[in-house]
Protein chains: 2
Amino acid sequence: MHGVAELPLLPECLPYLAGRTVVVGLSGGRDSVALLLALHRHGCSLRACHVHHGIRGAAADEDAAFCQNLCTRLEIPFEEHRVCVPQLAEQSGESLETAARRARHEILAACAARCAGHTVALAHHADDQAETVLFRLARGSAGLRGMLPVRQDETTTWLRPLLGANRAQITAWLQAQGQDWREDATNAVPDAARNRIRLEVLPALARALERDVVPVLNRSARLQQETLAALDAALSMMPLTDPQGRLFLPGVEKLPGPLRKAAVARFLRAACVPDLTEEHVLAVLAILPADAPAARVNLPGGFSACRREKRLVVRNAAADPVPVPW
Amino acid sequence: MHGVAELPLLPECLPYLAGRTVVVGLSGGRDSVALLLALHRHGCSLRACHVHHGIRGAAADEDAAFCQNLCTRLEIPFEEHRVCVPQLAEQSGESLETAARRARHEILAACAARCAGHTVALAHHADDQAETVLFRLARGSAGLRGMLPVRQDETTTWLRPLLGANRAQITAWLQAQGQDWREDATNAVPDAARNRIRLEVLPALARALERDVVPVLNRSARLQQETLAALDAALSMMPLTDPQGRLFLPGVEKLPGPLRKAAVARFLRAACVPDLTEEHVLAVLAILPADAPAARVNLPGGFSACRREKRLVVRNAAADPVPVPW
């Protein structure tokens, strides 16, 4: 490793890499091998978790063996999990991509909980981020913020320490230290739309602007993350809920239009309403005025929002106690 | 016009289309012809303004004659302005595109001021907006908000009433009423990067996602406009400036990081500092702490920011009275 620059780990991730065991999703592909090695060199306490998707036959078995050998050499605890993605997809009616992603997500979260660190590191890098920004933009997702360096859900902290490095840097770094990887090992079933974004759209955009657009798209994602964080912080400073956590409507009604919409969206997200779209937020905004024709609106996941005495209440029918028949 | 749907005018623009004379920048091309006709049918008081760029020779003269004839038929006051864009570009050192845009902008604003409406309508539509979003995204502009339907600067209100319609709709609408246009008349010198975005990047993105991405990119721009408007409204409600309009630092220092950065950026924009970049905002943030090594930083356009007794002051050296030599 003489003369080779270390692979940069994103500063935002560093506080989460110390004092706990971090789970790495290790496919055997270049990116996850680089992540494992970089975190190992950083001195992290690690556990590698390989998910065998039950597709790609013998090649997948060799991926698993490669990961096992790498971890033995580095003295990193290793576990392998087998799922049958085609069967999962058939059962749930999801696409192979979605079923694989969900299975992997659940296995990694469970592994992180078992080793008590509740922290998973993922190997996404700057090129992945650029693809994600374009992908989400073209699919109409509200946020162009891309993937977050640190994201916390109810059970797990998800880290992406390699977001500051690009594919070429990662390749050069691995080659410089003679570390190989499994060429076709992918975390997921290849996604046709994402592949076309990588192979056609990003190069076309780079030709149009005559520049490398990956750093620019990463910067856009970061600025968007900052804008959303600033708006969230501003809303959190406003006294818009009552002590019972219900949205206090006289306060909300005083806000200018865009801020009122943002406040309602934030309130619904905080209530854990899933799959929230702009249409849901607009439907809730429509019931806020005291003279609105309706005072209640259904939301996804069994949730509903209801105006009641100058408050907005969100309830989940599924979570409510079932009324006992009389 | 029997059976032909009216071309939709953006609702946000409607309040600005009544009770005043609106200036239309009329190149003779499809989009500006459609705009003029649509506003005429809407009952607006109009004045058409054609800018002859001094390039494209006889074809440009025919564009001007076409515009004159159209306005005579519709009984809309018409004026033509001649500039020599190559000469302007040489004098200013700008590109042809930039020089043409600036000249047109100044002529339209002056025309709008003369007819006292101070309002200009521009013919950008949904396809232009999609291109703009990708263009700015790939150039690293902070905002993905695209073009605003209504924008006010010091002297003029700029409207884009056709942002809700796409190119195909505009073409079909003009054809349905037998209105022709000048095929190659463009408002500007063609921009190579923009052309490649239109002809290569947008089609590649549509193929990758297997959908029409123009509405999606327009929706992204609108949501981004709303997010920025919400953040701006939230900051405007915070008491961060003193009665003299200086940024009050003890208030700013209490804000969480992303909100503090947004507050400083907003303050600098309000002070009309031109060509503001993220680097400038970071440089100003760095002088805010009382123990910072510097208390003053230079900004573009002869501006500087200075920390002075718990206040941030922005000054413009050019605008300050020159000290008389003693």
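As a convention, each chain's residues are numbered from 1 in the sequence order in which they are written. Chains and ligands are labelled sequentially in the order written, the chains with letters from A and the ligands with numbers from 1. Per-residue local features of the predicted model are confined to residues with pLDDT of at least 70, and side-chain atom pairs are confined, for both listing and counting, to 80 or more; whole-chain, interface and lining totals are unaffected and use all residues. To obtain the side-chain values, all non-hydrogen atoms of the structure were used and water was disregarded.

J.: Could you clarify how one ought to interpret the confidence of the model for chain A in this entry?
T.: Residue and element names in this part refer to chain A. One confidence number per residue, pLDDT, is output by the predictor and ranges from 0 to 100. Taken residue by residue, chain A gives an average pLDDT of 90. The fraction at 70 or more is 94%. The way it works is that DSSP assigns letters per residue, a run of H or I at least four long becomes a helix, a run of E at least two long becomes a strand, and they are numbered from the N terminus. Within chain A, the lowest mean pLDDT, 89, falls on helix H5 (residues 126-139), and the highest, 97, falls on strand S4 (residues 119-121). Note on residues 321-326: pLDDT under 50 across the span, and 0 contacts to partners over four residues away in sequence or across chains. Across the assembled chains, the prediction reports ipTM 0.84 with pTM 0.85. Contacts between residues were defined by any pair of non-hydrogen atoms, one from each residue, lying within 4.5 Å.

J.: Teacher, can you tell me more about helix H4 (residues 96-114) of chain B here?
T.: Two residues of an α-helix separated by three or four positions point the same way, owing to the 3.6 residues in each turn. Residues and elements named next belong to chain B. Compared with the 27 Å implied by 1.5 Å per residue over 19 residues, the 27 Å span of H4 between its first and last C-alpha is a close match. Every buried residue of H4 is listed here: Ala99, Ala100, Ala103, Arg104, Ile107, Leu108, Ala109, Cys111 and Ala112. Elements in contact with the buried residues of H4: strand S1 (21-25), strand S2 (45-52), strand S3 (78-82), helix H3 (85-92), strand S4 (119-121) and strand S6 (157-159). Downstream of H4 by a residue or two, alanine 116 has a phi angle that is positive, lying close to 70 degrees. Expected span, for any helix, means 1.5 Å times one less than how many residues it has. For every residue, the accessible area obtained with a 1.4 Å probe (protein chains only) is divided by the maximum for its type, and the residue is called buried under 20%, exposed over 50%, and partly exposed between those limits.

J.: Help me understand the relation of the copies chain B and chain A, please; the structure alone is not making it clear to me.
T.: Both copies of the chain are related by a screw-like operation: a rotation about an axis and a shift along it. When chain B is brought onto chain A, the operation consists of a screw motion whose angular component is 180 degrees and whose axial shift is 0.0 Å, with 0.1 Å RMSD remaining. When the rotation and shift are considered jointly, the pair of chain copies conforms to a two-fold rotation axis. Taking C-alpha positions as the reference, the residue of chain B nearest the rotation axis is B:Leu231, at 2.6 Å. Comparing contact sets, 100% of the residues at the interface of chain B also lie at the interface in chain A, consistent with an isologous, same-surface contact. C-alpha atoms of residues with pLDDT of at least 70 in both copies form the basis for the least-squares superposition of the copies.

J.: Help me understand the sheet that holds strand S10 (residues 311-316) of chain A in this model?
T.: Two pairing modes exist for strands in a sheet, parallel and antiparallel, and in both the strands are linked by backbone hydrogen bonds. Only when DSSP finds a minimum of two bridges between them are two strands counted as paired. One open sheet accounts for 4 strands, arranged S7-S10-S9-S8 (chain A); its pairing is antiparallel. Either end of the sheet is taken by a strand with one partner, and the two such strands are strand S7 (247-248) and strand S8 (296-298) of chain A.

J.: Help me out: how do you make sense of the interface of chain B and chain A in this one?
T.: Quite often, the size of an interface is put as the accessible area lost when its parts meet. Listed as interface residues are 47 residues of chain B and, on the opposing side, 47 residues of chain A. The contact between chain B and chain A buries some 3900 Å² in all, and 67% of this surface belongs to carbon and sulfur atoms. Only one rule defines a salt bridge in this text: a Lys or Arg side-chain nitrogen within 4 Å of an Asp or Glu carboxyl oxygen. At the boundary of chain B and chain A, one finds 6 salt bridges. Between B:Arg222 and A:Glu278 there is a salt bridge whose closest N-O contact spans 2.8 Å. Think of a polar contact as two N or O atoms within 3.5 Å of one another; within protein, one of them needs to be a possible hydrogen donor and the other a possible acceptor, and neighboring residues in sequence only count if both atoms come from side chains. At the boundary of chain B with chain A, the tally comes to 9 residue pairs in polar contact (both at pLDDT 80 or more). With 16 residues, the top contributor of residues to the side of chain B that touches chain A is helix H8 (residues 213-236) of chain B. Each residue is assigned to one of three groups, with Ala, Val, Leu, Ile, Met, Phe, Trp, Tyr, Cys and Pro labelled nonpolar, Asp, Glu, Lys and Arg labelled charged, and all others, Gly among them, labelled polar. The residue makeup of the side of chain B that touches chain A, split by class, is 31 nonpolar, 5 polar and 11 charged. Accessible area that two parts lose when put together, evaluated with a 1.4 Å probe and summed over both, is termed the buried area.

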